[in-house]
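Residue-level listing of the chains:
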There are 2 protein chains.
Amino acid sequence: MPSNGRLFVVLGGGGFLGINLTRRLVAAGHRVRAFGHAGLFTEACAGAEFRQGDFSDRAALTDALRGAEIAFHLVHSTVPQTANLDITGDVKENLIPSITFLDLAVEVGVKRVVFLSSGGTIYGRPLQIPTEETASTEPISAYGISKLAIEKYLALYGELFGLEYRILRVANPFGPFQVAKKKQGLLAEIIFRALGREPIEVWGDGSVVRDFVYVDDVTDALELAAVHTGGEHIFNIGSGIGRSVRNVLATVEQLLGRKLDIAWKAKRAVDVPVSILSVKRAREKLGWNPKTSFESGVAQTIAWWKENLDTVVGEAHIQKS
Amino acid sequence: MPSNGRLFVVLGGGGFLGINLTRRLVAAGHRVRAFGHAGLFTEACAGAEFRQGDFSDRAALTDALRGAEIAFHLVHSTVPQTANLDITGDVKENLIPSITFLDLAVEVGVKRVVFLSSGGTIYGRPLQIPTEETASTEPISAYGISKLAIEKYLALYGELFGLEYRILRVANPFGPFQVAKKKQGLLAEIIFRALGREPIEVWGDGSVVRDFVYVDDVTDALELAAVHTGGEHIFNIGSGIGRSVRNVLATVEQLLGRKLDIAWKAKRAVDVPVSILSVKRAREKLGWNPKTSFESGVAQTIAWWKENLDTVVGEAHIQKS
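The structure displayed is predicted, hence computed values, not measured ones.

Asks: How should I be thinking about the nonpolar core in this particular structure?
Replies: Considering soluble globular proteins, one finds that nonpolar side chains tend to be buried as a cluster. Core analysis: the biggest nonpolar cluster contains 187 residues, and Ala221 of chain A together with Ala221 of chain B have the highest contact counts within it. Examining the composition of this core, we find that 11 residues originate from one element, helix α5 (residues 142–161) of chain B, more than from any other. With near-sequence residues (within four places) excluded, Ala221 of chain B lies in contact with Leu168, Phe235, Ile237, Ala282, Leu286 and Trp288 of chain B.

Asks: Before we go on, may I ask you to explain the relation of the copies chain A and chain B in this structure?
Replies: Two copies of a chain can be linked by a rotation about an axis combined with a shift along that same axis. Mapping chain A onto chain B calls for a rotation angle of 180° and an axial translation of 0.0 Å; the resulting RMSD is 0.0 Å. A rotation of that kind, with that shift, is consistent with a two-fold axis. Relative to the rotation axis, the closest C-alpha in chain A is found at Ala149 of chain A, a distance of 3.2 Å. The share of interface residues of chain A whose copies in chain B are also at the interface is 100%, consistent with both copies meeting through the same surface.

Asks: It is not clear to me how the packing of helix α6 (residues 186–195) of chain B against helix α8 (residues 245–256) of chain B should be interpreted in this structure. Could you clarify?
Replies: In helix packing, the relevant descriptors are the interaxial angle and the interaxial distance, both defined with respect to the helix axes. Residue and element names in this part refer to chain B. The contact between α6 and α8 brings their axes to 11 Å, and the two run at 40°. Viewed along their axes, α6 and α8 adopt a mutual orientation that is oblique. Crossing of α6 against α8: the hand is right-handed. Where α6 abuts α8, its residues Leu186, Leu187, Ile190, Ile191 and Ala194 lie against Val245, Val248, Leu249, Val252 and Leu256. A per-class count over the contact of α6 with α8 returns 10 nonpolar, no polar and no charged.

Asks: Could you clarify how one ought to interpret the sheet that holds strand β3 (residues 49–52) of chain B in this entry?
Replies: Sheet strands line up and pair through hydrogen bonds in the backbone, either parallel or antiparallel. Residues and elements named next belong to chain B. Taking strand neighbours across the sheet as the criterion, the 7 strands line up as β3-β2-β1-β4-β5-β6-β11 in an open arrangement whose pairing is parallel. Looking along the sheet, the strands with just one partner apiece sit at the ends: β3 and β11 (234–237). Put simply, the sheet's adjacent strands are angled 20° from each other on average, direction ignored. Sheet topology places strand β1 (residues 7–11) next to strand β4 (residues 68–73); 5 bridges connect them, and they run parallel. Across the sheet, Val10 pairs through a bridge with Phe72, a residue of β4.

The rules behind these values
- Residues numbered from 1 in each chain as written.
- Chains lettered and ligands numbered in written order.
- Predicted model: local features only at pLDDT ≥ 70, side-chain atom pairs only at ≥ 80, totals over all residues.
- Core = buried A, V, L, I, M, F, W, Y, C linked by C-beta atoms within 7 Å.
- Buried ≥ 20, exposed ≤ 12 C-beta atoms within 10 Å, placed from the backbone.
- Helix = DSSP H or I, 4+ residues; strand = E, 2+ residues; numbered from the N terminus.
- Contact = placed C-beta atoms within 7 Å.
- Least-squares fit on C-alpha atoms with pLDDT ≥ 70 in both.
- Axes fitted to C-alpha atoms, helices over the stretch in contact; angles between N-to-C directions.
- Parallel < 35°, antiparallel > 145°, perpendicular 65-115°, else oblique.
- Left-handed = near helix turned anticlockwise from the far one by under 90°.
- Nonpolar A, V, L, I, M, F, W, Y, C, P; charged D, E, K, R; others polar.
- Pairing = 2+ DSSP bridges.

Put into structure tokens, the structure is as follows:
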């Protein structure tokens, strides 16, 4: 993907996927501006311009978007486990600023928006496994509903203003730079606690099945979505393989070479029992293929954590004090 | 439907469907409280308690809901033609107060919510004609998106809090008490202008096909939805028959016995070319049947307008002065 001097803006550039995407785009020689909250690993985005700012700050967002050809929208202030606690707040913090973002994108002349949607929550309890993009969308969490609404507004802005868009419904991404600060990221949570010799909290009996996808494969998909020219707008991005929480725990145990200390907790209402995405469309129409095996992804994530545990723990101590 | 002393609250009780529903419920001997903005025809709701208030006024809404067993949510501050002009405003005025309403309904112990959704906009450009409830929902207007989002939040509140709900996706309702103040209601607009000998504005070439349903049939459906016990939650309500705008004009001309003065205008982007709902599910599962032929409905509407034209014109003059 040649750069041609065009500017890529990564909204949510201080977060897990944002950092990974920014690093990838910089490595590919692109001009990149990351916008978001600076975190522990902002320096990992060296080579990109980093703009500190809040997604709901209209002026800061306008500045961040100016000159952008492609904007990646990776921001969400809530996670499935917290959005239900304040549903109106979720709409105010996520949906409304996303519409404002679309207004600004049209205003400053952004050509295309690539939106990170939620493959794990948007379908609700899927009637079809693996779930295709054409399946009905019946989210059972406020998080999934606001993601769905943003998808619909993207289509509307495409219709009304010719704004190009692609939507990736990403399953359960994991990998380096995911630090589980917002209770999102099972693997980050497991590895962090395992390395710190803390008990690992698991909700339910571990039978819940998810589709885990390594972050490098997700950034591949984001890059492809930025330049895709076909008629499809929505792509599932996952491994296409279901894996129970028990299996995830076993994989980590095997790679660490020891048993984990697990604290079993009550099942959560927002957890659908099974979520596995069909990624046929992304393979066929986006030219995307997940390249990293689960075991290899987990091994790379453990390696990253071993290098960065002190940094994360250090910050956790600062936050507690 | 015996009353048993239970209280029905009609939100949007001052509007077209609200007045018709309130009158129907009162006539059936129910305790009814109508909440909304008083209008020209508030006295038509004699026998119901009328509470003046704005849907976004939390305190007024809480008071209005107190003691209600069933709440009909018929409020929407925008129409398909205006919602796109201020999309964030549409979310703030309609979606957020609707979520607040759901919170309050749970808080005060409302058993069931019956929500008026939009059969004409929620499907977008339908791939299937007539369109069934299972069709994909791809609205091309902000109005349709906020209706869809409210539907999803209803399902979520059902899931999280056990709030019962039924959703009616109503096609193009028409009949007495529709006064086209907000540019919604083709028949009201046509008849009002025809009787006043004003030119009738038609957008496009009149080939747009809609599914017109007489208001008495809609109130039948609302009544049935209040007590329905089956597993379905969403019902299309329409005539099941498509009718072009040209055909509507011809019907009015025939019933009035004279030609209409038509001012042809440019096509509007929010108008999907064809919208016809399949009402099979409502027939089979809700026990509903549209009883009024289009011609009979139009004749009744013309008769109503002849009686009420002076009242409406009088208010229009007051508003202009």
